[in-house]
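Residue-level listing of the chains:
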Amino acid sequence: MDRKASTPKPATVYLKDYQPPAWQIEAVELEFDLDPQATRVRSRLQFRRAPETGPDTPLHLDGEALELLGIALDGEPLTADRYRLDEAGLEVRGLPETGVLEIETRINPSANTELSGLYTSSGNFCTQCEAEGFRRITFYPDRPDVMARFTTTLRADKVATPVLLSNGNPIASGELEDGRHYVTWQDPFPKPCYLFALVAGDLGWIRDRFVTRSGREVDLYIYVQKHNLDKCDHAMASLKHAMRWDEEVYGREYDLDRYMIVAVDDFNMGAMENKGLNVFNSRYVLARPDTATDADYQNIESVIGHEYFHNWSGNRVTCRDWFQLSLKEGFTVFRDQEFSSDMNSRGVQRIGDVNILRTHQFREDAGPMAHPVKPDHYVAIDNFYTVTVYNKGAEVVRMLHTLLGTEGFRRGCDLYFERHDGQAVTTDDFVNAMEAATGVSLQQFRRWYDQAGTPELELERHYDPQARTCALTLRQHCPPTPGQSDKQPFHIPVAMGLCDREGRALPLRLYGEAAAGGESRVLELCREEETFVFQDIPAEPVPVLLRGFSAPVKLALDYTDAELALLSAHERDPFCRWEAGQTLARRLLLTHPPQALDADTARPLIEAARRTLADTALDPALRALALTLPAEGYLAEFVDPIEPEQLHTARQALRLTLSRALRPDLEACYEQLTETGAYSPDAASAGRRRLRNLCLSYLIACEDDSAYQLALRQYEQAGNMTDSLAALQALVNSDCPQREAVLEDFYSRWQQDTLVVDKWLSLQATADRADTLERVQALTGHPAFSLTNPNKVYALLRAFAQGNPVGFHQASGAGYRFIGEQIRTLDGRNPQVASRLAAAFTDWRRYNPTRQAGMRTELEKMRDAGGVSRDLYEIAARSLGDDTGTD
Ligand code: TRP
Ligand code: ZN
């Protein structure tokens, strides 16, 4: 099938083609006359030719969807022969070495459905410039290695738009004619234009103060629509915790007099770290006990932290080009994960992060969209804000932390910030600083940035009772990924220990060492195969590998069920302990047909679960994690082809078996954890709710009246959204006769609260029912749904396509056709959201031939549609195996 002749094939951008900018912009003055339909933007660019640039080199300014009203050089209008305008922007010739270019453009914020550039959301103006949105505001060299000082004046109607915000500090304000007013903002730090922001509208705010450890007073503001003012306190508390944490752990202070956060309802991603003026998806700001769950509270803390930490890892030191995206994102995710660990429970946090990595990133790394942490080509950069760049990138930084130790890592960070403050740099600069500060060679380690794919590790163990030695042979292998057939071995830190048959840790003395060096250590696997020999081992030990999941690899272990049971009961590392139990459950699920998963077969799992339910000394959140069966998305990694309903049926069968066998234990645990005090989102309270609600979800699997009554009672009496939603979810996934009535009750209670309505949509999209697809289709016509709001699309359509494998992959292909059609409609409005939704199709080769055909047809329709966006084209073409890496 050929692409329509009218649609040229989108171009590919290559890392190898990188050229430093020929022109620098030293200062920018922007003036906005804000109007929803016709905003005028005047910009004064103070430019300077780079020293290596020849005098004839034109200045290229990116521009997209702009109406050019005027252009002048040093006060004189430019004649038409001095510049050229095309779809990509503006080229200006014959410029002096330095000067001032004045450009006036007109844009239409209310028609901006892509939510990139300047747009309106709930009647307010806001911007999103990362990665390439600034070019939709004015003509500019829209690349992160052009850093300038910004001064921004906003003018707007005083009544409709009382609040006028931009980066930095306010330096002037006043009244204008015709009921308008203005504010001028100045940001003293040079920055790339992707960090520019403006927000204007009728917003309310809360204010607080933070004193940095050197005594600087910082005013903190959170701006929201006025009806949300009672939902900002948790975000503000989280911000102050993040500011303190970055001082304590990294020695990094905030650098402006104010820090502002704005919540908007229409936002493509989670949040944006614009200098001094973060813009957030409102779901990562707003929380009240009756509207937000424990998970929401937790996510808010983590995203507030993430954006705050970017002030150093991203803003003060930024990326040279977008191939370096993980420089800021991987590092900052690592920082927010550590922040959350320190604020809550480290073990729980780590297990959650590993779960995300293994279910989503490993999958990406094994499919047609696999790319290195530092990609080397792209069509649409927005497609590379991926779990690989973010979460695998964070694992790479975590490995550096493991290899260098806390102090060495900190010295490396200090040197990195010292060397590169105010610069736009590369991931290599980051690793160089780590090397220079510690003297450790990271030559081979750098491969983690360039080679895609998940390495597979194999362990062979040999115990010699005469010599009392235990030899561990580790072998690594990385499967080929698109465009990379041969992989070089990685430098892999393997945190490990050995324990005896009672689960006691053994001292570790490697062959050739004079004395034991502790009970846990990090082996460094650098070659394809290496053998580590431990001495003074009295009897055959159980090796424990990848404590804390010390490397993003797949590890195949030949543990016996008895060894797994031992580790799941005694191992001190929360991750390895949890992993042992999960492996036991996974073996059961993947080696028995669903009808064979009875109490006899599941006996070891049932007994382990019974002990966990009664083990009140253990953190309830860890108990909940131990009792949660492996997700279907994770199990899918181990089967070929993926048969979604088989995985689902098996998991449901095992759940029912556990539920029946453990009913009194589950009820006792549930009762014991029932609390009546005021809601608090702290980790301990949230952990108790998590375990109690897990008990409820097991109990309702029995599908009898007493379980229904328990859930109905919890729904009616819940004093917080966590318990209310958990009860509703249990009911919706059951055959309880009242399920529809409760769903309706929930909607009528919360229809005014858009974020709560998102939960209502997701619950229905992921419901375990035969008619879910029809339900989702009907809901696209419900007043609560809107294709123009990304949160609604994610809550309903993505929840169905990615959170309901049985529904989406139904054999008729109806799920594919429905979502495919939605994607193509969406692509004309918001390509970023359309291509995110299309990710549900990229794995098509993992399914049986019928499903492959259904998914492939949809991908081809997306790729070949006339006027398809670059974003969607790239996802569809790469998924289909087209090579976008060569033209
Ligand atoms: N830098 C943002 C972050 O903290 C990511 C982001 C926000 C983004 N909005 C975006 C990326 C729009 C692409 C497009 O992770
Ligand atoms: Zn980020």
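Predicted model, so just to flag it, every value in this text is computed and none were measured.

Reading the values: the criteria
Residues numbered from 1 in each chain as written. Chains lettered and ligands numbered in written order. Predicted model: local features only at pLDDT ≥ 70, side-chain atom pairs only at ≥ 80, totals over all residues. Heavy atoms only, no water. Helix = DSSP H or I, 4+ residues; strand = E, 2+ residues; numbered from the N terminus. Rg over C-alpha atoms; globule rule 2.2 N^0.38 Å. Buried < 20%, exposed > 50% of the residue type's maximum accessible area, 1.4 Å probe, protein only. Contact = heavy atoms within 4.5 Å. Areas by Shrake-Rupley, 256 points an atom, 1.4 Å probe, with all protein chains shown as cover. Lys, Arg positive; Asp, Glu negative; His and termini not counted. Charge placed at Lys NZ, Arg CZ, Asp CG, Glu CD. Pairing = 2+ DSSP bridges. Near = heavy atom within 4 Å. Polar contact = N/O pair within 3.5 Å; in protein donor to acceptor, adjacent residues only side chain to side chain. Nonpolar A, V, L, I, M, F, W, Y, C, P; charged D, E, K, R; others polar. Salt bridge = Lys/Arg side-chain N within 4 Å of Asp/Glu carboxyl O. UniProt positions renumbered as here; feature names shortened; annotations may be inferred. Donors = N, O, S within 2.8 Å, 3.2 Å for Na, K, Ca; no water. Tetrahedral: all angles 85-135°; square planar, octahedral: opposite > 155°, others 65-115°. Axes fitted to C-alpha atoms, helices over the stretch in contact; angles between N-to-C directions. Right-handed = clockwise from strand over helix to strand, strands pointing away. Arc of directions from axis to C-beta. Phe/Tyr/Trp six-rings, centres within 6.5 Å; stacked < 30°, edge-to-face > 60°. Lys NZ or Arg CZ within 6 Å of the ring centre and 35° of its normal. Core = buried A, V, L, I, M, F, W, Y, C linked by side-chain atoms within 4.5 Å.

1. What to know about the overall build of the protein chain
Of regular secondary structure, the protein chain possesses 26 helices and 32 strands. Taken over C-alpha atoms, the radius of gyration comes to 28 Å for the protein chain, in line with the 29 Å a tight globule of 887 residues would show. With respect to the three principal axes, the spread of C-alpha positions in the protein chain is 90 × 70 × 65 Å. Counting every position in the protein chain, which comprises 887 residues, the buried fraction comes to 60%. A fraction of 70% describes how many contacts in the protein chain between residues 6 or more apart in sequence connect residues 24 or more apart. Of the roughly 34100 Å² of accessible surface on the protein chain, 49% is carried by carbon and sulfur atoms. Each charge class in the protein chain can be summarised by its mean position, and for the 97 positive and 131 negative side chains these summaries are 1 Å apart.

2. Section: the pairing of strand 30 (residues 529-535)
As paired elements, strand 26 (residues 469-477) and strand 30 share six bridges and run antiparallel to each other. Bridged to A471 within strand 30 is V533. Sheet topology places strand 28 (residues 509-510) next to strand 30; two bridges connect them, and they run antiparallel. The partner of L510 across the bridge, within strand 30, is F534.

3. Describing the site of ligand 1
Near ligand 1 lie 16 residues; those nearest to it are E130, A271, E273, E307 and Y390. The side chain of Q128 places a nitrogen or oxygen atom 3.2 Å from a nitrogen atom of ligand 1. The side chain of E307 places a nitrogen or oxygen atom 2.9 Å from an oxygen atom of ligand 1. In isolation ligand 1 exposes 370 Å². Once the protein is present, 97% of that is buried. Looking at the shell around ligand 1 residue by residue, the class counts come to six nonpolar, four polar and six charged.

4. Some points on the pattern of salt bridges
Overall, the coordinates contain 88 salt bridges when judged by the stated rule. Residue E31 pairs with R155 through a salt bridge whose shortest N-O separation is 2.8 Å. Residue E31 is found in strand 2 (residues 23-33), and its partner R155 is found in strand 12 (residues 148-157); the two are separated by 124 residues along the sequence. Here R136 and E64 are joined by a salt bridge, their closest N and O atoms 3.0 Å apart. With R136 in the loop between strand 11 (124-128) and strand 12 and E64 in the loop between strand 4 (59-62) and strand 5 (67-73), the pair connects residues that are 72 residues apart, well separated along the chain. Judged by relative accessible area, E64 falls into the partly exposed class, the value being 26%.

5. Considering the UniProt feature "domain: Peptidase M1 alanyl aminopeptidase Ig-like fold" (unreviewed entry) in the protein chain
The UniProt record annotates "domain: Peptidase M1 alanyl aminopeptidase Ig-like fold" (unreviewed entry) at residues 453-556. For residues 453-556, the helix share is 0%, the strand share is 45%, and the end-to-end C-alpha distance is 16 Å.

6. Details of the coordination of the zinc ion (ligand 2)
Reference values for angles at a metal are 109.5 degrees in the four-donor tetrahedral case and 90 or 180 degrees in the six-donor octahedral case. The protein atoms donating to the zinc ion (ligand 2) are H306 (NE2), H310 (NE2), E329 (OE) and E329 (OE), with metal-donor distances spanning 1.9 to 2.7 Å. Between the six donor atoms coordinating the zinc ion (ligand 2), the angles at the centre fall across 47 to 159°, so the site counts as irregular. Each donor residue of the zinc ion (ligand 2) belongs to the same chain, and together they define the spacing H-x3-H-x18-E. Of this pair, H306 sits in helix 2 (residues 294-309) while E329 sits in helix 3 (residues 325-343), and the two are 23 residues apart along the sequence. No difference in accessibility class separates H306 from E329, as the two residues are buried.

7. Some thoughts on the sheet that holds strand 29 (residues 521-525)
Judged by pairing direction, the sheet is antiparallel, and its three strands sit side by side in the order 29-27-31 without closing on themselves. Only two strands of the sheet have a single partner each, and these edge strands are strand 29 and strand 31 (542-545). On average, adjacent strands in this sheet sit at an angle of 40° to one another, irrespective of strand direction. Here helix 8 (residues 561-570) sits on the sheet in contact with strand 27 (492-499) and strand 31, set at roughly 60° to strand 31.

8. So, unusual backbone geometry
The omega torsion of the bond from E130 to A131 falls at -5°, within 30 degrees of zero and hence cis. Along the chain, the position of A131 falls in the loop between strand 11 and strand 12. With an omega of -5°, the peptide bond between D640 and P641 qualifies as cis. Residue position: P641 is located in the loop between helix 12 (632-635) and helix 13 (644-661). With phi around 55°, A65 is a residue other than glycine that occupies positive phi space. Locating A65 in the fold gives a position in the loop between strand 4 and strand 5.

9. Remarks on the pairing of strand 18 (residues 217-224)
Burial of strand 18 is extensive: seven of the eight residues sit out of reach of the surface. Where strand 17 (residues 204-211) meets strand 18, eight bridges bridge the pair, whose relative direction is antiparallel. Across the sheet, residue R209 finds its bridge partner in strand 18, namely D219. Where strand 18 lies against strand 19 (residues 258-264), five bridges are found, and the strand directions are parallel. Paired with Y223 across the two strands is V262, which belongs to strand 19. As a crossover connection, the stretch from strand 18 through helix 1 (residues 233-250) into strand 19 is left-handed.

10. Some thoughts on helix 20 (residues 772-779)
By the burial criterion, the buried members of helix 20 are T772, L773, V776 and L779. On an axial view of helix 20, the arc spanned by its buried residues comes to 125°, and they lie on one face. Elements that come into contact with the buried residues of helix 20 comprise helix 19 (754-765), helix 21 (790-803) and helix 23 (814-827).

11. Considerations on the UniProt feature "domain: Peptidase M1 membrane alanine aminopeptidase" (unreviewed entry) in the protein chain
Mapped onto this numbering, the UniProt entry annotates "domain: Peptidase M1 membrane alanine aminopeptidase" (unreviewed entry) at residues 235-448. For residues 235-448, the helix share is 56%, the strand share is 9%, and the end-to-end C-alpha distance is 35 Å.

12. Brief notes about the packing of aromatic side chains
Per the counting criterion, the structure on display carries 40 aromatic pairs. Here the aromatic rings of Y254 and Y308 are separated by 6.1 Å at their centres, their planes lie at 45°, and the arrangement is tilted. You can see Y254 sitting in the loop between helix 1 and strand 19 and its partner Y308 sitting in helix 2, a full 54 residues away along the chain. Y254 gets classed as buried once you look at its relative accessible area, which sits at 2%. Look at Y308 and you get buried, because its relative accessible area is 1%. Measuring from centroid to centroid gives 6.0 Å for Y308 and F309, while their planes differ by 70°, and the two rings are edge-to-face. In this arrangement the basic side chain of R252 is found over the ring face of W312, its NZ or CZ atom lying 4.6 Å from the centre. Taking NZ or CZ as reference, R335 lies 5.5 Å from the ring centre of F331, over its face.

13. Some points on the nonpolar core
By size, the foremost hydrophobic cluster in this structure holds 274 residues, and its most contacted members are L34, L101, Y140, F534, I819 and F841. The element best represented in this core is helix 5 (residues 387-420), accounting for 14 residues. When residues no more than four places from it in sequence are discounted, the contact partners of L101 are S43, R44, L45, F47, L59, L61, I71, A72, L73, L78, V92 and L95.

14. Remarks on the sheet that holds strand 18
Strand order across the open sheet formed by five strands is 17-18-19-21-20, with mixed pairing between neighbours. Only two strands of the sheet have a single neighbouring strand rather than two, namely strand 17 and strand 20 (271-272). Taken together, the two bridges between strand 20 and strand 21 (residues 277-281) define a ladder with antiparallel strand orientation. Following the sheet pairing, M272 is matched in strand 21 by V279. Taken strand by strand, helix 2 contacts strand 19, strand 20 and strand 21, and its axis lies near 150° from that of strand 21.

15. Topic: the environment of V776
Inspection of the secondary structure assignment puts V776 in helix 20. Look at V776 and you get buried, because its relative accessible area is 0%. Distance from V776 to T426, taken between C-alpha atoms, is 44 Å for residues 350 residues apart in sequence. Once residues within four sequence positions are removed from consideration, V776 is found in contact with A765, L796, L797, F800 and F818.

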